[in-house]
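# An overview of the molecular structure
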Amino acid sequence: VSLYHPENADESFDIMNVLEDRLQHSDSAVVLATIKVFLHLTVDIPDVHQQVLERIKAPLYTQMHNSRSPEVSYVIASHLLVLVQRAPMLFSEDYKHFFCRHNDSIHVKKIKLEVLMLVADESNCYDIVNELCEYATDPIISIARESVKAVGTIAVNLCTCDGLVERLLSFLDMKVDHITSQAYIVIADILRSLPAQVDKCIEALAQIRSVEDVVEPEGRSAMAWILGSHGEKLQESPYILEDMVESFDGEDITVQLAILTACLKLFFKRPPECHKLVLDVLGKGMQNENQDVHDRALFYSRLLKQDLQSARDIVGGVSGDQQNGDSTFASMPFQDELSASPELAEALFREFNSLSVVYRQSASIFVAADDEITYEDDLYENQEEAATMAQDGGASAAMTADTNLLLDLSIDDVPPPSQQAPTAAPTMSLLDGLEDLARGDTSAFIGSDASTATSSMAASPTIV
């Protein structure tokens, strides 16, 4: 039915009226198939299409929450994500349906977090963020990370919600490694994106005295960036960087690169306190075995020797937009995989109720074209033809071998010893002798019977 093209709108409404009760079916496959028909019949009628989206929400929520199979719940949640991405405002009032439950699988929870980031607006953002803060204590580390990241994403998307940043900064007090690391990563993104929130974030970071509680490389890299970019407002920033330089050789490569840049940035802002720090980090960087770290340290060293002002502009420069309080990243909305690729989102909508929605890939990626498919019947026919050809080839080879054997026997049928003629001495080829005579060489005929040669030449056909 989903492939049928009605002749007019009345026929489309008749089909939907007939299938209306299928939306209440207990089988999720029937519900999804019916929804696909409804969506494709009304895609060219915007007003009716919006009403259809409103109508199909309740059956999808029921299937997602009441299914005893986590696989079915994940499939329904994936289809809901496609619809939310298409019309997030229609689902903003139903945000509580996407709160995570204790019995949800990890994959369903991740999709729900993505949906919450998409449906968050000024009317529901505080309720959503309060719920996300509860997920930060989830025993599953990936869910805890995603919840912290979701709070930062909502804060960046809704620049006017000041309270969200305060909730994000509260994660620093939890003293949990993966939560603290993710919080530093999100704070660094907020400092890049929301210049109006810089003072508030720096005030919360002023109490930091060390980064020993941050173990993960991503978090340490984010902290190094914060110290380098905003270290003039943090009194302890040179001393925190000094501790990181002391453990420079044991740091991850990404952290080493971040420390190099942070020390150089802070040097231009606080030269007296960072002069020795820069010399130490550049010396360790140029002795590092990693080529990237070595090259960057060498580049910075030569840049400082060449021209300090140029080095300041290149490494620690601030763009005009940031000086005016308008960051390049400001007001940049969250973009998931589907939002970043409108073509993919449209393809998934066309392929609703298929594996494309679950894989988040167009069917052309994992389904071969018709001319590339070898069907099972064709495979068997090809195998039978190959076997028949092999049998025919074997029979022909056997017949050829028997015929050759018979020919060999008839040719090699020698007479009995009593009738066998005496073996004649090998004679020279006639053509070879003629070629020798033409060259004037008669040595080939020495010792041969002249009469035999003469009779042979006489009996031979004339050669032109």
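Now for a description of the structure that goes with this document. The structure displayed is predicted, hence computed values, not measured ones.

### Side note on the state of the cysteines
Under the defined criterion, the tally for this structure stands at zero disulfides. Looking at Cys274, it has no disulfide partner, and the nearest cysteine sulfur is the one in Cys263, 7.3 Å off.

### Side note on the packing of helix H4 (residues 70-86) against helix H5 (residues 106-119)
At a minimum axis distance of 9 Å, the contact between H4 and H5 shows a crossing angle of 15 degrees. What the angle tells us is that H4 and H5 run roughly parallel. The interaxial crossing formed by H4 with H5 has left-handed handedness. For the pair H4 and H5, the contacting residues are Pro70, Ser73, Tyr74, Ala77, Ser78, Leu81, Val84 and Gln85 in the first and His107, Val108, Ile111, Glu114, Val115, Leu118 and Val119 in the second.

### Remarks on a negative patch on the surface
A contiguous patch of negative charge, built from Glu212, Glu242, Asp243 and Glu246, is present on the exposed surface. With a relative accessible area of 58%, Glu246 lands in the exposed category.

### Considering unusual backbone geometry
It is generally the case that most residues other than glycine have a negative phi and that most peptide bonds are trans. In the Ramachandran plot, Asn353 falls in the positive-phi region, its phi being about 65 degrees despite a non-glycine side chain. By secondary structure assignment, the location of Asn353 is in the loop between helix H19 (342-350) and helix H20 (355-359). Its relative accessible area of 30% is what places Asn353 among the partly exposed residues. Residue Arg360 is not a glycine yet carries a positive backbone phi of 60 degrees. Position of Arg360 among the secondary structure elements: in the loop between H20 and helix H21 (363-366).

### Re the environment of Asp313
Among the structural elements, Asp313 can be located in helix H16 (residues 308-315). For Asp313, a relative accessible area of 48% gives the class partly exposed. Separated by 45 residues in the primary sequence, Asp313 and Phe268 have C-alpha atoms spaced 9.7 Å apart.

### A word on a nonpolar patch on the surface
Together, Leu355, Tyr359, Ile365, Phe366 and Val367 make up an exposed nonpolar region whose accessible area comes to about 490 Å². Secondary structure elements with two or more residues in the nonpolar patch: H20 and H21. Along the chain, Val367 falls in the loop between H21 and helix H22 (376-411).

### Some remarks on the side chain of Asp104
Relative to the assigned elements, Asp104 resides in the loop between H4 and H5. Polar side-chain contacts of Asp104 include one of 2.8 Å to the backbone nitrogen of Arg101. For Asp104, the side chain forms a polar contact with the side chain of Lys112, separated by 2.7 Å. The residues contacting Asp104, other than those within four sequence positions of it, are Phe99, Lys109 and Lys112.

### Concerning the packing of aromatic side chains
Think of a pair of aromatic rings as described by two things: how far the centres are apart, and how the planes are tilted against each other in angle. Under the defined criterion, the tally for this structure stands at four aromatic pairs. Centroid distance Tyr61 to Phe98: 5.8 Å. Interplanar angle 85 degrees. Geometry classified as edge-to-face. Placement of the pair is Tyr61 in helix H3 (residues 46-66) and Phe98 in the loop between H4 and H5, with a sequence separation of 37 residues. No difference in accessibility class separates Tyr61 from Phe98, as the two residues are buried. In this structure, Arg86 packs its charged tip against the face of Phe349, placed 3.7 Å from the ring centre. For the cation-ring pair, Arg192 lies above Trp225, with the distance from its terminal atom to the ring centre recorded as 4.2 Å.

Rules and cut-offs
- Residues numbered from 1 in each chain as written.
- Predicted model: local features only at pLDDT ≥ 70, side-chain atom pairs only at ≥ 80, totals over all residues.
- Heavy atoms only, no water.
- Disulfide = S-S within 2.5 Å.
- Axes fitted to C-alpha atoms, helices over the stretch in contact; angles between N-to-C directions.
- Helix = DSSP H or I, 4+ residues; strand = E, 2+ residues; numbered from the N terminus.
- Parallel < 35°, antiparallel > 145°, perpendicular 65-115°, else oblique.
- Left-handed = near helix turned anticlockwise from the far one by under 90°.
- Contact = heavy atoms within 4.5 Å.
- Patch = residues over 30% accessible without salt bridge, like charges linked within 9 Å, V, L, I, M, F, W, Y side chains within 5 Å.
- Areas by Shrake-Rupley, 256 points an atom, 1.4 Å probe, with all protein chains shown as cover.
- Salt bridge = Lys/Arg side-chain N within 4 Å of Asp/Glu carboxyl O.
- Lys, Arg positive; Asp, Glu negative; His and termini not counted.
- Charge placed at Lys NZ, Arg CZ, Asp CG, Glu CD.
- Buried < 20%, exposed > 50% of the residue type's maximum accessible area, 1.4 Å probe, protein only.
- Polar contact = N/O pair within 3.5 Å; in protein donor to acceptor, adjacent residues only side chain to side chain.
- Phe/Tyr/Trp six-rings, centres within 6.5 Å; stacked < 30°, edge-to-face > 60°.
- Lys NZ or Arg CZ within 6 Å of the ring centre and 35° of its normal.

By themselves, these observations are geometric and do not establish any function.
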